[in-house]
Amino acid sequence: MQIIISNHSKEPIYEQIIQQVKAMILTGELVEGAPIPSMRNLAKDLQISVITTKRAYEELEKEGFIYSIVGKGSYVAEQNLEMIKEKKQKVIEEQLATVIANSKEIGLSLSDLQQLIKILYEE
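Because the structure is a prediction, the values reported are computed rather than measured.

Visitor: Just to check I follow, could you spell out the pattern of salt bridges for this structure?
Guide: Pairing between side chains becomes possible if they bear opposite charge and their charged atoms approach one another. For the coordinates displayed, the defined rule picks out four salt bridges. K22 serves as the salt-bridge partner of E63, at 2.5 Å between the closest nitrogen and oxygen. Remark: K22 occurs in helix α1 (residues 13-26) and E63 occurs in the loop between α3 (50-62) and β2 (66-69); sequence separation between them is 41 residues. With a relative accessible area of 39%, E63 lands in the partly exposed category. Residue classification places K22 among the buried residues on the basis of a relative accessible area of 13%.

Next comes the structure, spelled out in structure tokens:
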């Protein structure tokens, strides 16, 4: 499991870990039942505090992405991928509604907005 932490990101480190683990699960890179590194090992590999990895793992467990067995480790939980994708799509729709409203406020045309989205999507 490869996680890349950006010191230049405005997002807290624990959030960066959460988002990357979720992405690996959603794309199938991490499959159900697969072990993930211990909090200590991940902290050591990323050269961050164990408290940070603990917070990320607790959030992932609370959201149902992983589960932990005391003395054994943490593992990828069974996922209802359709439900997760549906929730993600709803978030995207809400964010796009905000983008569209902001675009209209500054007079950005639909074609300009589409071009901008295409450029960003292809990066």
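There is more to say, and it comes next.
Visitor: Got a minute to help me understand the sheet that holds strand β1 (residues 35-36) in this structure?
Guide: For sheets, the rule is that strands pair by backbone hydrogen bonds, running either parallel or antiparallel. Taken in spatial order, the three strands make up an open sheet running β1-β3-β2, and their pairing is antiparallel. The open sheet has two edge strands with one neighbour each: β1 and β2. Pairing analysis gives four bridges linking β2 to strand β3 (residues 73-76), with the strands arranged antiparallel. Along β3, the bridge assignment pairs Y67 with Y75. Contacts from α3 reach β1, β2 and β3 within the one sheet, and its direction differs from that of β2 by about 115°.

Visitor: So what exactly am I meant to see when it comes to a nonpolar patch on the surface here?
Guide: Nonpolar side chains collect at one region of the surface, where I92, L96, V99, I100, I117 and Y121 lie side by side and expose about 580 Å² of accessible area between them. Of all the secondary-structure elements, those providing two or more residues to the nonpolar patch are α4 (81-105) and α5 (110-122). For the nonpolar patch, the leading source of residues is α4, giving four residues. Secondary-structure assignment places I100 in helix α4.

Visitor: Would you explain α3 in this entry?
Guide: Quick reminder: α-helices carry 3.6 residues per turn. Residues three or four places apart thus point the same way. Helix length check: α3, at 13 residues, gives a terminal C-alpha distance of 18 Å against a target of 18 Å (1.5 Å per residue), a fit within 8%. Where α3 is concerned, the buried positions are T53, A56, Y57 and L60. Buried residues of α3, viewed axially, fall in a sector of 95°; they line one side. Looking at α3, the residues exposed on the side facing more than 90 degrees away from the buried face are I51 and K62. The elements touched by buried residues of α3 are α1, β1, α2 (39-46), β2 and β3. Looking at where α3 begins, the residue whose side-chain oxygen comes 3.0 Å from the main-chain nitrogen of I51 is S49.

The rules behind these values
- Residues numbered from 1 in each chain as written.
- Predicted model: local features only at pLDDT ≥ 70, side-chain atom pairs only at ≥ 80, totals over all residues.
- Heavy atoms only, no water.
- Salt bridge = Lys/Arg side-chain N within 4 Å of Asp/Glu carboxyl O.
- Helix = DSSP H or I, 4+ residues; strand = E, 2+ residues; numbered from the N terminus.
- Buried < 20%, exposed > 50% of the residue type's maximum accessible area, 1.4 Å probe, protein only.
- Pairing = 2+ DSSP bridges.
- Contact = heavy atoms within 4.5 Å.
- Axes fitted to C-alpha atoms, helices over the stretch in contact; angles between N-to-C directions.
- Patch = residues over 30% accessible without salt bridge, like charges linked within 9 Å, V, L, I, M, F, W, Y side chains within 5 Å.
- Areas by Shrake-Rupley, 256 points an atom, 1.4 Å probe, with all protein chains shown as cover.
- Expected span 1.5 Å × (residues − 1).
- Arc of directions from axis to C-beta.
- Polar contact = N/O pair within 3.5 Å; in protein donor to acceptor, adjacent residues only side chain to side chain.

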